[in-house]
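Chain residues, written in single-letter form:
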Amino acid sequence: MSVLADDDDNQKSAAANGIELPQGYVPTEDEPFMNPLQLAYFRKKLLDWKDDIHREAKETLAQLQKEPLQEADATDRASSETDWSIELRARDRQRKLINKIDAALRRIDAGEYGYCEVTGEPISLKRLDARPIATMTVEAQERHERNEKITRDE
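Residues numbered from 1 in each chain as written. Predicted model: local features only at pLDDT ≥ 70, side-chain atom pairs only at ≥ 80, totals over all residues. Heavy atoms only, no water.

*Asks:* How should I be thinking about the pattern of salt bridges in this particular structure?
*Replies:* Close approach of charged atoms lets side chains of opposite charge pair. As enumerated under the stated definition, the model contains 8 salt bridges in all. When the shortest N-O distance is used, the salt bridge between Arg-43 and Asp-109 registers 2.7 Å. Taken together, the positions of Arg-43 in helix H2 (residues 36-66) and Asp-109 in helix H3 (residues 74-110) put the pair 66 residues apart, joining distant regions of the chain. We note a salt bridge from Arg-95 to Asp-92, for which the minimum N-O separation is 2.5 Å. Here the residue Arg-95 and the residue Asp-92 both occupy positions in helix H3, the gap between them amounting to 3 residues, near one helical turn. For Arg-95, a relative accessible area of 44% corresponds to the partly exposed category. (Salt bridge = Lys/Arg side-chain N within 4 Å of Asp/Glu carboxyl O. Helix = DSSP H or I, 4+ residues; strand = E, 2+ residues; numbered from the N terminus. Buried < 20%, exposed > 50% of the residue type's maximum accessible area, 1.4 Å probe, protein only.)

This is the structure we're talking about:
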């Protein structure tokens, strides 16, 4: 998908949302959980994060096209290839992250965002602010990770 299409998606999402966030707004525990302002806040946070990832990917692609590996020395060439390999692995992780961001946006649209997929309890605002793609409460995530470790160790 092109960056221009993403910008259009962001504008459509903001318009469809119909909510303009007050400048400096941050969700608080004092307001109803996942009210329209909170949902707009997290939607914007997710869309901005996605835009940043797309921008970084474009920059990486431009850099790769601009600077092909041409070092004469084999050691320098190997070092450059290693650097690019690390960069490309990071971009691949970010590509997977975009899928999680899109899933979180779908949960917002479905009215399921902010609630644990295991317990159905609200996920803390602090956790969502730090990791807006979170799908479980801290407690449920810890249980999940313990169970994974036990399964791996067997």
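Structure's up, so let's keep going.
*Asks:* Any chance you could explain the packing of aromatic side chains here in plain terms?
*Replies:* To describe a pair of aromatic rings, you give the distance between the ring centres and the angle between the ring planes. Within the structure shown, the criterion is met by 4 aromatic pairs. Aromatic pair Tyr-25 and Tyr-41: ring centres 5.9 Å apart, planes at 75°, arrangement edge-to-face. With a gap of 16 residues between them, Tyr-25 in the loop between helix H1 (3-17) and H2 and Tyr-41 in helix H2 connect regions that are remote in the sequence. Residue classification places Tyr-41 among the buried positions, given a relative accessible area of 12%. Ring geometry for Phe-33 and Tyr-115: centres 5.1 Å apart, planes at 85°, overall edge-to-face. Linking Phe-33 in the loop between H1 and H2 with Tyr-115 in the loop between H3 and helix H4 (125-130), this pair joins segments that are 82 residues apart in sequence. Look at Phe-33 and you get partly exposed, because its relative accessible area is 25%. Taking relative accessible area as the criterion, Tyr-115 reaches 32% and is therefore assigned partly exposed. Every member of this aromatic cluster is reached through a ring pair, and the members are Tyr-25, Tyr-41, Phe-42 and Tyr-113. (Phe/Tyr/Trp six-rings, centres within 6.5 Å; stacked < 30°, edge-to-face > 60°.)

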